[in-house]
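The lines below spell out each chain.
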Amino acid sequence: MLTDGGSHFVTAMTLAALSEEPVHTTLWDLKDETEMGHIQLSREADLVVVAPGTADLLARMAAGIADDLATTLLLATDKPVLVAPAMNVRMWSHAATRRNVATLRRDGVTVMEPDEGTMACGEYGPGRLPEPARILAAAETLLAPAARPLQGRHVLVTAGPTHEPIDPVRYLANRSSGKQGFAIADAAARAGARVTLIAGPVTLPTPAGVDRVDVETALEMAAAVRATLPADAAVMVAAVADWRVEATGQKLKKGMAAAALPLTENPDILAALSRAPDRPRLVIGFAAETERVIEHATAKLARKGCDWIVANDVSGDVMGGDANAVHLINAADVESWAELPKTEVAARLIARIADALGPAA
Ligand code: C5P
């Protein structure tokens, strides 16, 4: 596809002759557009490569503008997009371009770093079109089948809160959103694992390829965990209620309000799993702390008997939010990660798990 700007440098005829492929130039080609050509082109491709990606094109892509064939296709495509930028060094370092590149990368577009060197305008710096071999290598990486390091593994994930009934209409609950646990289940499935997600009451959609078991109470969750074994790894993210109420069969009336609710301690699912003879090779707990995070989480690692603890500080608005700053703690050391989206925490944790388990036999 040749843009208007490009056609000032090379002609459609040159590109068609060299590539022996048709060259598309306009959104308003009657023959192409009776078949909705721009949509068709975006569907048939496996990858869209923008080379050269000018400052103007990056800006229009970042803004979602679709005013010619190339930008219309780029807005219509659901395929990976690779941009090989080429522009003057000052244009590349301009705040507007920096912003547009950041926006595109956040949107999932792969924007390469340009090459550095002498430019057509005589200036020196980053901005040169990456060498064709680099563009080809980047395209090959994007087309390679995704790595599936957990292929052949079974991963168990608990997520969300539990609800402990007080009477037929009331329950004890907590503010867990389930987002982190669901993100971990999703990342494990993407990595090729068979995933069983044991979810407390949350309304999140089930990640693709994940077996979901819905439970309400801690006792139900404990039973579901037992029923899911054997597993290679267990990631216990659920915020399990520490206590359950000796529930009455009847709705409590105002006048009947007891001075205190009779509470019974729930079983510790993580501790029990860690000590079970058929425990997964890797058992990972979560620790939500509001103070002395690492100290408390390290003590929890020993108390629960699990292999790793993912600790986070929940004194802010982590619960229900989309980001998380965590520490990965095992018997030997503590690793602190910067604040990351929960999906990124999930991807990194799954990479670590894959690393620890090694390839399946
Ligand atoms: O003791 P605490 O609730 O802080 O421990 C949190 C970790 O233990 C989490 O991994 C959580 O899923 C797990 N847990 C559990 N069963 C309980 C309480 C906590 O599995 N009854």
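## Thoughts on the overall build of the chain
Here is step 1: Secondary structure summary: the chain contains 13 helices and 19 strands in total.
Here is step 2: A globule of 361 residues ought to have a C-alpha radius of gyration of about 21 Å, yet the chain, at 27 Å, is considerably larger.
Here is step 3: In terms of overall dimensions, the chain has C-alpha extents of about 85 × 50 × 45 Å along its principal axes.
Here is step 4: Where the 34 positive side-chain charges of the chain centre and where its 45 negative ones centre are 8 Å apart.

## Let's talk about the packing of helix 9 (residues 179-190) against helix 13 (residues 342-357)
Here is step 1: With their axes 8 Å apart at the nearest point, helix 9 and helix 13 run at an angle of 45 degrees to one another. Compared by their axis directions, helix 9 and helix 13 come out oblique. Seen from above, helix 9 lies across helix 13 with right-handed handedness. For the pair formed by helix 9 and helix 13, the contact residues are Lys 179, Gln 180, Ala 183, Ile 184, Ala 187 and Ala 188 on the first element and Lys 342, Thr 343, Val 345, Ala 346, Ala 347, Leu 349 and Ile 350 on the second.

## Some remarks on the pairing of strand 5 (residues 124-128)
Within a regular beta strand, the side chains point alternately toward one face of the sheet and then the other, so they alternate between its two faces.
Here is step 1: Across 4 bridges, the pairing between strand 4 (residues 115-118) and strand 5 is antiparallel. Note that in strand 5 the partner of Glu 116 across the bridge is Pro 126.
Here is step 2: Turn length for the strand 4-strand 5 hairpin, with the two strands adjacent in sequence and antiparallel, is 5 residues, and the turn residue Gly 122 shows positive phi of about 95 degrees.

## Thoughts on the domain arrangement of the chain
Here is step 1: Under the domain assignment used here, the chain contains domain 1 (6-143) and domain 2 (154-357).
Here is step 2: When each unit is reduced to the centre of its C-alpha atoms, the spacing between domain 1 and domain 2 is 44 Å.

## Considering the site of the ligand
Here is step 1: Lining the immediate environment of the ligand, one finds Met 236, Ala 238, Val 240, Pro 267, Asp 268, Ile 269, Leu 270, Gly 285, Phe 286, Lys 300 and Lys 304.
Here is step 2: With respect to the ligand, the backbone of Ile 269 contributes an N or O atom lying 3.0 Å from a nitrogen atom.
Here is step 3: Separating an oxygen atom of the ligand from a backbone N or O atom of Phe 286 is a distance of 2.8 Å.
Here is step 4: Relative to its unbound accessible area of 440 Å², the ligand is 85% covered by the protein chains.
Here is step 5: Looking at the shell around the ligand residue by residue, the classes come out as 7 nonpolar, 1 polar and 3 charged.

## Describing the packing of aromatic side chains
Two measures describe an aromatic ring pair: the distance that separates the ring centres and the angle between the ring planes.
Here is step 1: On inspection of all chains with the given rule, the structure shows 0 aromatic pairs.
Here is step 2: Positioned above the aromatic ring of Trp 92, the side-chain terminus of Arg 98 is 4.5 Å from the ring centre.
Here is step 3: Across from the ring centre of Trp 337, 5.8 Å away, lies the NZ or CZ of Arg 348, which sits over that ring.

## Quick look at the pattern of salt bridges
Here is step 1: Evaluation of the coordinates by the stated rule reveals 19 salt bridges.
Here is step 2: Across the salt bridge formed by Asp 56 and Arg 60, the nearest N and O atoms sit 3.2 Å from each other. Taken together, the positions of Asp 56 and Arg 60, both in helix 4 (residues 55-63) and 4 residues apart, correspond to about one turn of that helix.
Here is step 3: On the basis of relative accessible area, Asp 56 is assigned to the partly exposed category, the value being 47%.
Here is step 4: The salt bridge partner of Asp 214 is Arg 212, with a shortest N-O separation of 2.9 Å.
Here is step 5: Arg 212 sits in the partly exposed class, given a relative accessible area of 23%.

Conventions used here
- Residues numbered from 1 in each chain as written.
- Predicted model: local features only at pLDDT ≥ 70, side-chain atom pairs only at ≥ 80, totals over all residues.
- Heavy atoms only, no water.
- Helix = DSSP H or I, 4+ residues; strand = E, 2+ residues; numbered from the N terminus.
- Rg over C-alpha atoms; globule rule 2.2 N^0.38 Å.
- Lys, Arg positive; Asp, Glu negative; His and termini not counted.
- Charge placed at Lys NZ, Arg CZ, Asp CG, Glu CD.
- Axes fitted to C-alpha atoms, helices over the stretch in contact; angles between N-to-C directions.
- Parallel < 35°, antiparallel > 145°, perpendicular 65-115°, else oblique.
- Left-handed = near helix turned anticlockwise from the far one by under 90°.
- Contact = heavy atoms within 4.5 Å.
- Pairing = 2+ DSSP bridges.
- Domains from an automatic or database assignment.
- Near = heavy atom within 4 Å.
- Polar contact = N/O pair within 3.5 Å; in protein donor to acceptor, adjacent residues only side chain to side chain.
- Areas by Shrake-Rupley, 256 points an atom, 1.4 Å probe, with all protein chains shown as cover.
- Nonpolar A, V, L, I, M, F, W, Y, C, P; charged D, E, K, R; others polar.
- Phe/Tyr/Trp six-rings, centres within 6.5 Å; stacked < 30°, edge-to-face > 60°.
- Lys NZ or Arg CZ within 6 Å of the ring centre and 35° of its normal.
- Salt bridge = Lys/Arg side-chain N within 4 Å of Asp/Glu carboxyl O.
- Buried < 20%, exposed > 50% of the residue type's maximum accessible area, 1.4 Å probe, protein only.

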